[in-house]
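Spelled out from the first residue to the last, the chains are:
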Amino acid sequence: MNFRPLHDRVLVKRLESETKTASGIIIPDTAKEKPAEGKVAALGSGIRQENGTVIPLEVKEGDHILFNKWSGTEIKVDGEDFIVMKESDIVGIITK
């Protein structure tokens, strides 16, 4: 990958949403909302304090996360769609 986020930024690959409801109704592309779930693809080094120390980020590569719906900036890296956002835009880590 040719992209490395800086500081407290996180590169996220948005997970695809379901195309069918639980009852079997197929949702057309025009009615789908962008999912607010993703997988952390890369992250910056952390938040630099005024005294120069770096506080590492809580998320790590591969984490399945939930983020604010309108957060981040959409970009293309190596032909794939990603979102770059601050760690503070991440609501939580989903564990299974």
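Residues numbered from 1 in each chain as written. Predicted model: local features only at pLDDT ≥ 70, side-chain atom pairs only at ≥ 80, totals over all residues. Heavy atoms only, no water.

Asks: Which residues make up the overall build of the protein chain, and what values go with them?
Replies: Within the protein chain one finds zero helices and eight strands. Listing the helices and strands of the protein chain from first to last along the sequence gives β-β-β-β-β-β-β-β. The burial tally for the protein chain puts 27% of its 96 residues in the buried class. Here the contacts in the protein chain between residues at least 6 apart in sequence split such that 60% fall between residues at least 24 apart. Accessible surface, the protein chain: about 6900 Å² in total, of which carbon and sulfur atoms supply 52%. (Helix = DSSP H or I, 4+ residues; strand = E, 2+ residues; numbered from the N terminus. Buried < 20%, exposed > 50% of the residue type's maximum accessible area, 1.4 Å probe, protein only. Contact = heavy atoms within 4.5 Å. Areas by Shrake-Rupley, 256 points an atom, 1.4 Å probe, with all protein chains shown as cover.)

Asks: Provide a residue-level description of the pattern of salt bridges, including the pertinent values.
Replies: For the structure shown, the criterion picks out five salt bridges. Of the charged contacts, one joins aspartate 8 and arginine 9 as a salt bridge, the two residues approaching to 3.1 Å between their closest N and O atoms. With a relative accessible area of 14%, aspartate 8 lands in the buried category. Of the residues examined, arginine 9 reaches a relative accessible area of 33% and is grouped as partly exposed. (Salt bridge = Lys/Arg side-chain N within 4 Å of Asp/Glu carboxyl O.)

Asks: Can you tell me about the nonpolar core, naming the residues and giving the values?
Replies: The nonpolar side chains of soluble globular proteins are, as a tendency, buried together. Judged by nonpolar contacts, Val10, Val12, Val40, Leu57, Val59, Ile65, Phe67, Ile83, Met85 and Ile90 together constitute the single largest core of ten residues. Secondary structure elements with two or more residues in this core: strand 1 (9-14), strand 5 (64-67) and strand 7 (80-86). Not counting residues within four places of it along the chain, the set of residues in contact with valine 12 comprises Gly38, Lys39, Ala41, Ile65, Phe67, Phe82, Ile83 and Met85. Counting five residues, the second largest nonpolar core, distinct from the first, contains Leu11, Ala42, Phe82 and Val84. (Core = buried A, V, L, I, M, F, W, Y, C linked by side-chain atoms within 4.5 Å.)

Asks: Run through the packing of aromatic side chains, naming residues and quoting values.
Replies: A full pass over the atoms with the stated rule returns zero aromatic pairs. Residue placement shows lysine 13 over the ring face of phenylalanine 82; its charged tip is 5.4 Å from the ring centre. (Phe/Tyr/Trp six-rings, centres within 6.5 Å; stacked < 30°, edge-to-face > 60°. Lys NZ or Arg CZ within 6 Å of the ring centre and 35° of its normal.)

Asks: Before we move on, could you go through the side chain of glutamate 87 and cite the residues and values that matter?
Replies: With respect to the helices and strands, the residue glutamate 87 is situated in the loop between strand 7 and strand 8 (90-94). Buried charge without a salt bridge: glutamate 87, with arginine 9 as the nearest opposite-charge side chain at an N-O distance of 10 Å. Apart from residues no more than four positions distant in its own chain, glutamate 87 is found in contact with Asp8, Val10, Leu57, Glu58 and Val59. (Lys, Arg positive; Asp, Glu negative; His and termini not counted.)

Asks: Would you mind going over the environment of isoleucine 93 in detail, with residue names and values included?
Replies: Mapped onto the elements, isoleucine 93 comes out in strand 8. Among the residues examined, isoleucine 93 registers a relative accessible area of 42% and is labelled partly exposed. Taking C-alpha positions, isoleucine 93 is 9.6 Å from lysine 39, a pair spaced 54 residues apart along the chain. Apart from the residues lying within four places of it in its own chain, the contact partners of isoleucine 93 are Glu58, Val59, Asp63, His64 and Ile65.

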